[in-house]
Amino acid sequence: FNVSHHALKLLSIDGKSTWRKVKAAQDNTFRYSFKAQKGTTYGLFIRITNEKGNTNNIDSTFKGITILDRSLYNAVRDTLDGMIDAYQGKSSGSFMSYVSDSFTGEKVEYDRSIRNDFSVLHDINIRYNLNNVTPDYRDKVFVSLNFNRSYTVIKTGRRSSDEGSTAMVFTIDNGKLSLYAVRGQPLFGFTK
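Criteria and thresholds
Residues numbered from 1 in each chain as written. Predicted model: local features only at pLDDT ≥ 70, side-chain atom pairs only at ≥ 80, totals over all residues. Heavy atoms only, no water. Helix = DSSP H or I, 4+ residues; strand = E, 2+ residues; numbered from the N terminus. Expected span 1.5 Å × (residues − 1). Buried < 20%, exposed > 50% of the residue type's maximum accessible area, 1.4 Å probe, protein only. Contact = heavy atoms within 4.5 Å. Salt bridge = Lys/Arg side-chain N within 4 Å of Asp/Glu carboxyl O. Arc of directions from axis to C-beta. Pairing = 2+ DSSP bridges. Axes fitted to C-alpha atoms, helices over the stretch in contact; angles between N-to-C directions. Core = buried A, V, L, I, M, F, W, Y, C linked by side-chain atoms within 4.5 Å.

S.K.: Outline helix 1 (residues 72–88), listing residues and values.
M.R.: Given a rise of 1.5 Å per residue, 17 residues ought to cover 24 Å, and the 24 Å separating the end C-alpha atoms of helix 1 matches this to within 8%. Turning to helix 1, its buried residues number three or more, namely Leu72, Ala75, Val76, Thr79, Leu80, Gly82, Met83, Ile84, Ala86 and Tyr87. Buried residues along helix 1 sit in contact with helix 2 (92–96), helix 3 (107–120), strand 5 (121–135), strand 6 (140–153), strand 7 (159–173) and strand 8 (176–184). Where helix 1 terminates, the next one or two residues include Lys90, which has phi positive at roughly 55 degrees.

S.K.: I'd like a description of the pattern of salt bridges, backed by residues and values.
M.R.: Oppositely charged side chains can form a pair if their charged atoms are brought close together. In this structure the tally under the stated criterion is seven salt bridges. For Asp111, the salt bridge is made with Arg115, and the minimal N-O distance between the two is 3.1 Å. With a gap of four residues between them, Asp111 and Arg115 both fall in helix 3, about one helical turn apart. Since its relative accessible area comes to 47%, Arg115 is described here as partly exposed. Between Arg159 and Asp123 there is a salt bridge, with its nearest N and O atoms 3.4 Å apart. Highlighted residues: Arg159 in strand 7 and Asp123 in strand 5, separated in sequence by 36 residues. On the accessibility criterion, Arg159 (41% relative accessible area) is partly exposed.

S.K.: Run through helix 3, naming residues and quoting values.
M.R.: Between its first and last C-alpha atoms helix 3 spans 20 Å; for 14 residues at 1.5 Å apiece the expected length is 20 Å, and the two agree. Residues Tyr110, Asp111, Ile114, Asp117 and Phe118 constitute the buried set of helix 3. Along the axis of helix 3, the buried residues cluster in a sector spanning 115 degrees; they form a single face. Of the surrounding elements, those touching the buried residues of helix 3 are helix 1, helix 2, strand 5 and strand 8.

S.K.: How would you sum up the sheet that holds strand 5? Please name residues and give values.
M.R.: One open sheet accounts for four strands, arranged 5-6-7-8; its pairing is antiparallel. Sheet topology places strand 5 and strand 8 at the edges, where each strand pairs with a single neighbour. Strand-to-strand twist of the sheet, defined as the mean angle between neighbouring strand axes without regard to direction, takes the value 35 degrees. Examined bridge by bridge, strand 6 and strand 7 share 13 bridges and lie antiparallel to one another. Each bridged residue has a counterpart across the sheet, and for Ser150 the counterpart in strand 7 is Ser161. Contacting strand 5, strand 6 and strand 8, helix 3 crosses the sheet at an angle of about 140 degrees to strand 5.

S.K.: Describe the environment of Val76, listing the residues and the values that go with them.
M.R.: Within the secondary structure, Val76 is located in helix 1. Setting aside anything within four residues of it in sequence, one finds Val76 in contact with Leu130, Val133, Val141, Val143 and Leu177.

S.K.: Could you give an account of the environment of Thr171, with specific residues and numbers?
M.R.: Among the secondary structure elements, Thr171 is positioned in strand 7. For Thr171, the contacting residues outside a window of four places in its chain are Ser100, Asp139, Lys140, Lys176, Leu177, Ser178 and Tyr180.

S.K.: I'd like a description of the nonpolar core, backed by residues and values.
M.R.: Within the largest apolar cluster, 34 residues are counted, with the highest numbers of intra-cluster contacts made by Tyr87, Phe95 and Phe188. Residue assignment for this core shows that the elements contributing at least two residues are helix 1, helix 2, helix 3, strand 5, strand 6, strand 7 and strand 8. Ranked by the residues each element gives to this core, the list is headed by helix 1, at eight residues. Non-local contacts of Phe95, meaning those with residues more than four positions away in its chain, are made with Met83, Ala86, Tyr87, Tyr110, Ile114 and Phe188. Core analysis: the next-biggest nonpolar cluster, separate from the first, contains six residues, Ala7, Leu11, Leu44 and Ile48 among them.

S.K.: Tell me what's going on with the environment of Val133, and back it up with residues and numbers.
M.R.: Residue position: Val133 is located in strand 5. Each C-alpha atom of the pair Val133 and Val169 lies 9.6 Å from the other, and the pair is 36 residues apart in sequence. In this structure, Val133 is in contact with Leu72, Tyr73, Val76, Val141 and Phe142, ignoring residues within four places of it in sequence.

Rendered as structure tokens:
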């Protein structure tokens, strides 16, 4: 599929319902501006038709753009703080409300692991430092963090602590972050 500078380039931000013409620069890049609503996700598609009437694969051009009402870093921090508050308060329902229905592990198993922590641990305290927050420009956010965790083991009454690092992946759906995957050392659901 050859594209010349003179090809017709159209853009849709409403799921391909309407298309707007965009003017491309010599290197085929373009700018498009619109008034965005905070907390909204837009699906951007590009349609290019060359002089022969051939059109590109429109679905492969999809880019999800979410307009957050705060910085992505702050949105991640708020989500992690909410998860930690629910976890430390031993509220599995509140905690699981932060876990995506499309969680890559079994969501039921993850809930069981969280509940197991609650049954064997007491006085849980978690502190963390965000190392990296990286969006993939679709609907995922990759997060890495270091943590310090202390707790009392109910059976022995002994206070324990550990530290580590983990990576988490969150999805963005209409401005809300939900846990999609955990990679590495688990911050939550770590007891056996």
